[in-house]
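Okay, here's what each chain looks like letter by letter:
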Amino acid sequence: MIKKSLCLALALLCSSSAFADTKVGDVTLPDTLTVQEQVLQLNGAGIRSKFFMDLYVGSLFTLTKTDNAQAVVDSETPVVIQLNITSDMITSEKMTTAMNDGFKLATNGDTAPIASSISAFIAAFAEPIKTGDKFTLVSIPGQGIINYKNDKQLSVTEGEVFRKAVLSIWLGEDPTDEDLKEAMLDQ
């Protein structure tokens, strides 16, 4: 798994489109990313706001464009959610709290079956977070989530139930931000 993760990291770092031309707020996003030799397209992106403050740009990359959230969560191909931090209001403590809240929403409050995976995943957000940081969450069906910060691999968290819960934070029945979910699914 580690060898695959390192190969994936190299592919992810080397394969973003050289000429990114999709701009959301002040963030310029690549039109494509390559993951496990598959070219993923920017499916959609939007701004996560809270109390009238823009916090981050969330973007979704899929093999084929779709407006079906459940199809993305259940996808048999890699999916990427990218978070570009745009506010110094996002700290590691606030990110940890927000992730825990997101997992509770994504699992209808039943986080017990994936509690150890959640703890391991959230530990990767312990380092200080600043404006301009980019988190890339690579969802690999049957394997789990590979988490990158500024293109540096932070963690690999295994488990299919966990993988789907992470995607459901943004794309589930009760997402953390309905407007962002719609923007990520905007084709």
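Placed above this text is the structure.
Chemist: Would you mind going over the overall build of the protein chain with me for this structure?
Modeler: Helix and strand counts for the protein chain stand at 6 helices and 9 strands. Within the protein chain, buried positions represent 49% of all 187 residues. Across the protein chain, the fraction of contacts at a sequence separation of at least 24, relative to all contacts at a separation of at least 6, is 53%. When the accessible area of the protein chain is evaluated, it comes to approximately 9,100 Å², of which 53% is carbon and sulfur surface.

Chemist: Got a minute to help me understand helix α5 (residues 160-171) in this structure?
Modeler: In this model α5 runs 16 Å from its N-terminal to its C-terminal C-alpha over 12 residues, within 8% of the 16 Å that 1.5 Å per residue would give. The element α5 is largely enclosed, with a buried count of 9 among its 12 residues. Where α5 is concerned, the buried positions are F162, R163, A165, V166, L167, S168, I169, W170 and L171.

Chemist: What am I meant to see in the packing of helix α3 (residues 92-106) against helix α4 (residues 115-123) here?
Modeler: For any two helices packed against each other, the geometry is given by the interaxial angle and the distance between the axes. For the pair α3 and α4, interaxial distance at closest approach is 10 Å and the crossing angle is 150°. Classified by the interaxial angle, the pair formed by α3 and α4 is roughly antiparallel. Taken as a pair, α3 and α4 cross one another with a handedness that is right-handed. On the side of α3, the interface is formed by T96, M99, N100 and F103, while α4 contributes I118, F121 and I122. Broken down by class, the residue content of the contact of α3 with α4 amounts to 5 nonpolar, 2 polar and no charged.

Rules and cut-offs
Residues numbered from 1 in each chain as written. Predicted model: local features only at pLDDT ≥ 70, side-chain atom pairs only at ≥ 80, totals over all residues. Heavy atoms only, no water. Helix = DSSP H or I, 4+ residues; strand = E, 2+ residues; numbered from the N terminus. Buried < 20%, exposed > 50% of the residue type's maximum accessible area, 1.4 Å probe, protein only. Contact = heavy atoms within 4.5 Å. Areas by Shrake-Rupley, 256 points an atom, 1.4 Å probe, with all protein chains shown as cover. Expected span 1.5 Å × (residues − 1). Axes fitted to C-alpha atoms, helices over the stretch in contact; angles between N-to-C directions. Parallel < 35°, antiparallel > 145°, perpendicular 65-115°, else oblique. Left-handed = near helix turned anticlockwise from the far one by under 90°. Nonpolar A, V, L, I, M, F, W, Y, C, P; charged D, E, K, R; others polar.

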